[in-house]
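# What the coordinates show
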Amino acid sequence: MPHRPVALVLASLLVLSACGSDPDASGGKQDITVWLMKDSATDEFVSRFETEFERDHPQLDLRIQIQEWNGITQKVTSALASTDPPDVIEVGNTQVAQYAASDGVTDLTAKVTELGGDDWIPGLAEPGAVDGKQFGVPFYAANRVVIYRKDLFAAAGVTPPKTRDEWLATTAKLDQGDTQGIYLPGQNWYVLSGFVWDEGGDLAERDGDRWTGSLSTPEALAAADFYKRLQALGDGPKDSDEAKPQQTDVVAAGQVAQFIAVPGAAKLVAKANPDLADHLGFFPIPGKTAATPGAVFTGGSDLIIPLASTRQDGAYAVVKALAGEKWQVELAKAMNYVPNRTSLASAVGDDPGAAAMAAGAVNGHATPNSPNWAAVEARNPIKEFLTAVLTGADPATAAAAADQVITQALNSGA
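Bear in mind the structure is a predicted one, so any value in this text is a computation, not a measurement.

## Considering the layout of surface pockets
- Its volume calculated, the second largest pocket comes out at about 530 Å³.
- As for the second largest pocket, its lining consists of 22 residues, and the residues nearest its centre are R144, Y190, F297, G299 and E377.
- Going through the elements one at a time, β10 (258-261), β13 (299-304) and α15 (373-379) are the ones with two or more residues in the lining of the second largest pocket.
- Residue contributions to the lining of the second largest pocket peak at 3 residues, all from α15.
- Residue composition of the lining of the second largest pocket, by class: 10 nonpolar, 9 polar and 3 charged.
- Each of two domains, domain 1 (30-142 + 299-365) and domain 2 (145-297 + 369-411), supplies a minimum of three residues to the lining of the second largest pocket.

Shown next, in the form of structure tokens:
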């Protein structure tokens, strides 16, 4: 694991103690540079935030710079190793552990209560914490829901189900003639992950400093069995994911009763087939009981503060504002996101897709919190495991093979 030079860390702390968020030595405003990712917020949101933040913090001059996702990992890694990084950086929620491993991210554990951390969505809060310390502050969340054809449901005499058993029964009634009960590609590993979490399992387990793949556990095998039963109630390919072919194009053809995606996918379907625009509805992925929605992978972003920033107080002021109630509600409405706090779910209640997403977000989860998780996704043996199960291979044997790849990837360099 790489470490920051001790001298650099001490120098940063000395400058911080001397400067804080006070104006610079010339008596002017202090510049605060913020990296936000492209399409994370509208131009209008960014402009309004800059204006109002500077009004409320007259000693600070906010400079928001929009970054491209392509190549961002190396760019952030380099920034964290520099002596003059940006002051706040938006990062993918599953990337926090990777960046924290550089020892270049400020520990914000002492600020969690002040930031409303007791109310944070678990799927954002958990990956932001590494070894008991909070490095990432939840910025926004998004998760999958079921997007369904209201007209086809009505014709079949069914309503959105609340439990997994009801979901199977409902989907079987819809899977008639030329209509697919559900379009579920065989390699949608995000959906499988939710089923694994519902069963009480995980994709990998940690024991001390060592990780072990856990698809061969009874919980994960039960999840794979449910995935297989659900996937059989449609014609989704067994050897590809939702991008091959694009599942929204398949749904737009008009013969799919439901599919699993983020709510924004409904707009892509309607764009391809405007006749379906008024027929699309949303409901949370059903859980094992009606009391709790199905577990979902929570995607989204966290905010981090580079340790080498000499403007820690100003950086924290930005994080506090962006993570606070006012701007969380504004961002959720502008982008159809889930706010970072469970208590703010009602703020998006006027949008049916966002409301379904917010309802499901209470059971949100993240991938195993390892800095090496990206290596697992690059190889992605979970997809191969699913295809093997769906094509008749022994699930336990396929799971053991996938676990071997996951274990090796997560312990690389350990």
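## Some thoughts on the sheet that holds strand β2 (residues 60-67)
- Strand order in the open sheet made by the 5 strands is β2-β1-β3-β13-β6, with mixed pairing throughout. The open sheet has two free edges, formed respectively by β2 and β6 (137-142), since each of these has just one partner strand. The average undirected angle you get between the axes of adjacent strands in this sheet is 20°.

## A look at empty space enclosed by the protein
- Applying the stated criterion across every chain yields a total of 2 cavities of 30 Å³ or more.
- Looking at the largest cavity, its volume works out to about 50 Å³.
- As for the largest cavity, its lining consists of R144, Y190, V191, G194, F195, I260, I285, A295, V296 and F297.
- Secondary-structure elements contributing two or more residues to the lining of the largest cavity are α8 (189-198) and β12 (296-297).
- Here the lining of the largest cavity takes 4 residues from α8, the largest share from any one element.
- Of the voids in this model, the second largest cavity is the one considered here, and its volume is about 40 Å³.
- Looking at the second largest cavity, the residues that line it are I121, V338, P339, R341, T342, A345, A358, A361 and V362.
- Here the residues of the lining of the second largest cavity are counted per class, giving 7 nonpolar, 1 polar and 1 charged.

## Structural notes on the domain arrangement of the protein
- By domain assignment, the protein separates into domain 1 (30-142 + 299-365) and domain 2 (145-297 + 369-411).
- Facing 23 residues of domain 1, the contacting portion of domain 2 comprises 18 residues.
- Taken together, the two surfaces of domain 1 and domain 2 that pack against each other cover about 1500 Å², and 63% of this comes from carbon and sulfur.
- Broken down residue by residue, the surface that domain 1 buries against domain 2 is led by A356, N363 and H365, which jointly contribute 32%.
- Put simply, domain 1 and domain 2 have 1 salt bridge between them.
- Of the charged contacts in the structure, one is a salt bridge between R206 and D131, with a shortest N-O distance of 3.2 Å.

## With respect to helix α12 (residues 312-322)
- The buried fraction of α12 amounts to 9 of the 11 residues, a majority that puts the element mostly inside the structure.
- Within the span of α12, buried status applies to Q312, G314, A315, Y316, A317, V318, V319, A321 and L322.

## Points about the packing of helix α2 (residues 43-56) against α12
- Look at α2 against α12: their axes get within 12 Å of each other, and the N-to-C directions meet at 125°. Looking at the two axes, α2 sits oblique to α12. The chirality of how α2 crosses α12 is right-handed. Contacts from F45, F49 and F53 in α2 reach A317, V318, A321 and L322 in α12.
- Within the contact of α2 with α12, the residues separate by chemical class into 7 nonpolar, no polar and no charged.

## Points about the environment of Q258
- With respect to the helices, strands and loops of the structure, Q258 is situated in strand β10.
- C-alpha separation for the pair Q258 and F153, spaced 105 residues apart in sequence, amounts to 9.2 Å.
- Excluding residues that lie within four positions of it along the chain, Q258 makes contacts with V146, I147, Y148, F153, W167, T171, L174, G181, I182, Y183 and F283.
- A polar side-chain atom of Q258 sits 2.8 Å from a polar atom in the side chain of T171.

Rules behind the numbers
- Residues numbered from 1 in each chain as written.
- Predicted model: local features only at pLDDT ≥ 70, side-chain atom pairs only at ≥ 80, totals over all residues.
- Heavy atoms only, no water.
- 1 Å grid on protein atoms, 1.4 Å probe; cavity = no way out; pocket = protein on both sides within 12 Å on 5 of 7 lines; lining within 4 Å.
- Points joined across faces, edges and corners; volume = space filled by probe spheres on them.
- Helix = DSSP H or I, 4+ residues; strand = E, 2+ residues; numbered from the N terminus.
- Nonpolar A, V, L, I, M, F, W, Y, C, P; charged D, E, K, R; others polar.
- Domains from an automatic or database assignment.
- Pairing = 2+ DSSP bridges.
- Axes fitted to C-alpha atoms, helices over the stretch in contact; angles between N-to-C directions.
- Contact = heavy atoms within 4.5 Å.
- Buried area = accessible area lost by both parts, 1.4 Å probe.
- Salt bridge = Lys/Arg side-chain N within 4 Å of Asp/Glu carboxyl O.
- Buried < 20%, exposed > 50% of the residue type's maximum accessible area, 1.4 Å probe, protein only.
- Parallel < 35°, antiparallel > 145°, perpendicular 65-115°, else oblique.
- Left-handed = near helix turned anticlockwise from the far one by under 90°.
- Polar contact = N/O pair within 3.5 Å; in protein donor to acceptor, adjacent residues only side chain to side chain.

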